[in-house]
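Spelled out from the first residue to the last, the chains are:
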Amino acid sequence: FGNIDGYSKGKGGSMHMYNKEHNFYGGAGIVGAQVPIGAGLAFANKYKAKPGEPMNVAIACYGDGAANQGQIWESANMCNLWNLPMIFCIE
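Analysis parameters
- Residues numbered from 1 in each chain as written.
- Predicted model: local features only at pLDDT ≥ 70, side-chain atom pairs only at ≥ 80, totals over all residues.
- Heavy atoms only, no water.
- Helix = DSSP H or I, 4+ residues; strand = E, 2+ residues; numbered from the N terminus.
- Expected span 1.5 Å × (residues − 1).
- Buried < 20%, exposed > 50% of the residue type's maximum accessible area, 1.4 Å probe, protein only.
- Arc of directions from axis to C-beta.
- Core = buried A, V, L, I, M, F, W, Y, C linked by side-chain atoms within 4.5 Å.
- Contact = heavy atoms within 4.5 Å.
- Pairing = 2+ DSSP bridges.
- Right-handed = clockwise from strand over helix to strand, strands pointing away.
- Disulfide = S-S within 2.5 Å.

1. Let's talk about helix α1 (residues 34-48)
Every α-helix winds through 3.6 residues per turn, so residues three or four apart in the chain are directed the same way.
Right, on to step 1. With 15 residues, α1 ought to run about 21 Å at 1.5 Å a step, and its terminal C-alpha atoms sit 21 Å apart, in line with that.
Right, on to step 2. Q34, V35, G38, A39, A42 and N45 are the residues of α1 that are buried. Looking straight down α1, one finds that the buried residues subtend no more than 145 degrees of arc, so they occupy a single side. The exposed residues of α1 that point more than 90 degrees off its buried face are Y47 and K48.

2. Details of the side chain of Q34
Right, on to step 1. For Q34, the position within the fold is in helix α1.
Right, on to step 2. A residue is classified by how much of its surface remains accessible, and Q34, at 17% relative accessible area, is buried.

3. What about the nonpolar core?
Right, on to step 1. Membership of the largest hydrophobic core is limited to eleven residues, which are V35, A39, A42, A58, A60, Y62, A66, I72, C79, L84 and M86.
Right, on to step 2. Mapped onto this core, the elements with two or more residues apiece are α1, β1 (58-62) and α2 (70-81).
Right, on to step 3. Not counting residues within four places of it along the chain, the set of residues in contact with C79 comprises A39, L84, M86 and F88.

4. What about the pairing of strand β2 (residues 86-90)?
Right, on to step 1. As paired strands, β1 and β2 are joined by five bridges and run parallel to one another. Counterpart to I59 in the pairing with β2 is I87.
Right, on to step 2. This β-α-β element, β1 to α2 to β2, shows right-handed connectivity.

5. Concerning α2
Right, on to step 1. Over its twelve residues, α2 runs 17 Å from end to end, which matches the ideal 16 Å to within 8%, given 1.5 Å per residue.
Right, on to step 2. Turning to α2, its buried residues are I72, S75 and C79. Looking straight down α2, one finds its buried side chains confined to an arc of 70 degrees; they lie on one side. In this structure, α2 carries W73, E74, N80 and L81 as exposed residues pointing more than 90 degrees from its buried face.
Right, on to step 3. The secondary structure elements touched by the buried residues of α2 are α1, β1 and β2.

6. Some details on the state of the cysteines
Right, on to step 1. Applying the stated criterion across every chain yields a total of zero disulfides.
Right, on to step 2. With no disulfide of its own, C61 lies closest to C89 among cysteine sulfurs, the gap being 3.9 Å.
Right, on to step 3. Here C61 falls in the partly exposed class, since its relative accessible area comes to 32%.
Right, on to step 4. A relative accessible area of 30% means that C89 is categorised as partly exposed.

So this is what it looks like as structure tokens:
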């Protein structure tokens, strides 16, 4: 992770791992904060989807330590209510 040629270009932490070209939006520095980001990406996927074509899915992974964070459950509720293409993955 500390190498300038590495994934995070020498910056510390997984929150710097990001590659829009490959639809990888990395992590976040706050516990569980990547899940609402994933919900926003799921909303964008649904909004941009063309009828009759496959829709991209957002996947948010988080650990059991983040499972009690309010933003996780708020995101899950919103994704369900709006029928967003989102997968919640507890690692």
